[in-house]
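Chain and residue survey
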Amino acid sequence: MDLSTISLGQYTFIQNAFSFGLAVMAAASLFLWLSRSNVAPAYRMAITISGLVTAIAAYHYLQIMLSWEAAFSVTNNSISETGYPFNQAYRYVDWLLTVPLLLIELILVMRLSRSETVSKGVWLGGAAALMIILGYPGEVAEDAGTRFTFWVLSMIPFIYIVYQLVVGLKGSIAKQPENVRGLINGAATLVVISWLFYPIVFLFPLIGFTGGGAITAVEVGYTIADIVAKAVFGILIFTIALRKSEAEGGAQA
Ligand SMILES: *C/C=C(C)/C=C/C=C(C)/C=C/C1=C(C)CCCC1(C)C
């Protein structure tokens, strides 16, 4: 990533996007944790984990924002690099922790049998962790060949996850109560669509995007995708849990 091509306007815009991401993630955590007792005990673990995901993201957005600030200095309306590297590892550590948890949220809110919950959690969570681990060497590589190789490797678990969400969960979704079937389908679709964004953004430097505009597109793009995949998704999980609790006899059931 060549930070020397960033303009003052782009620097400020990206800084604001990180700050917005931090605010949304922190607010979502508070909301989810404070509203947890409104759902039946069987669904509280799903809500706890939803809030944990946004809390982990809030912490990392704070670190990303501080790292971004430290990489530049602004004097008399002109921007220069300080020499401190902008640390990309924060995003990947965040994803490594949160991506498996997001899939576990979805599995928990479906309230499948114990053995199905464990096997789906292990397979989907494991594939998600593998996908992030395989992506990182490509993200920090200097040459296009290495970047592309790790993109291909990381796409294997990614495609497995998409297949499981679109095809593998069909049977379990069909067994869900009617009042939430549409919402659970919506949550699975939201995961597929918001997650598709990441491997596409990852390819930007390989398909001709360069300079400050590309860095802005990648950083702001990842931030918007994170907000949808974590905070919006978390609220959707909460709504599903609430509807199921009501149908099953209220928060005490
Ligand atoms: C909250 C963060 C989320 C939901 C992050 C999701 C990230 C991905 C789906 C990343 C996928 C990647 C590939 C499929 C190939 C290239 C490398 C990655 C890691 C960007």
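Our subject is the structure listed above.
Because the structure is predicted, anything quoted here is derived from the model rather than measured.

Parameters and conventions
Numbers given to residues run from 1 along each chain, matching the order in which its sequence is written. Confidence filtering applies because this is a predicted model: local features only for residues at pLDDT of at least 70, side-chain atom pairs given and counted only at 80 or more, and all residues used for totals across whole chains, interfaces and linings. Neither water nor hydrogens contribute to the side-chain values; these are computed over all heavy atoms in the structure. Numbering of helices and strands starts at the N terminus; helices are DSSP runs of H or I of at least 4 residues and strands are runs of E of at least 2. In this setup the radius of gyration rests on C-alpha atoms only. A globule is expected at 2.2 Å times the number of residues raised to 0.38. Exposure is judged per residue with a 1.4 Å probe applied to protein chains only, and the accessible area is read against the type maximum: over 50% gives exposed, under 20% gives buried, and values in between give partly exposed. In this description, contact between two residues means that some pair of their heavy atoms is separated by no more than 4.5 Å. To measure how exposed things are, a 1.4 Å probe is used in the Shrake-Rupley method; for residues, cover is taken only from the protein chains shown. Residues are labelled near a given molecule or strand when at least one of their non-hydrogen atoms is within 4 Å of it.

This part covers the overall build of the protein chain. What the protein chain contains, in helices and strands, is eight helices and two strands. The C-alpha atoms of the protein chain give 20 Å as radius of gyration, which agrees with the globular expectation for 253 residues (18 Å, within 12%). For the C-alpha atoms alone, the extent of the protein chain along its principal axes is close to 65 × 35 × 25 Å. Counting across all 253 residues of the protein chain, residues that qualify as buried make up 47%. By sequence separation, contacts in the protein chain at least 24 residues apart represent 80% of the contacts at least 6 residues apart. Accessible surface, the protein chain as shown: approximately 11700 Å² in total, 67% of it carbon and sulfur.

Moving on: the site of the ligand. Neighbouring the ligand are 19 residues; Met131, Ser154, Trp195, Asp226 and Lys230 lie closest to it. Protein contact buries 100% of the 520 Å² of open area that the ligand shows by itself. When contributions to the shell around the ligand are tallied by element, the ones reaching two or more residues are helix H3 (89–110), helix H4 (114–140), helix H5 (144–168), helix H7 (178–203) and helix H8 (211–247). The biggest single contributor to the shell around the ligand is H3, with five residues.

By the secondary structure assignment, Ala28 is in helix H1 (residues 8–34). Relative accessible area serves as the criterion here: at 7%, Ala28 is assigned to the buried category. When the C-alpha positions of Ala28 and Gly186 are compared, they lie 19 Å apart, and in sequence the two are 158 residues distant. Sequence-distant contacts of Ala28, defined by excluding residues within four places in its chain, comprise Thr54 and Ala231.

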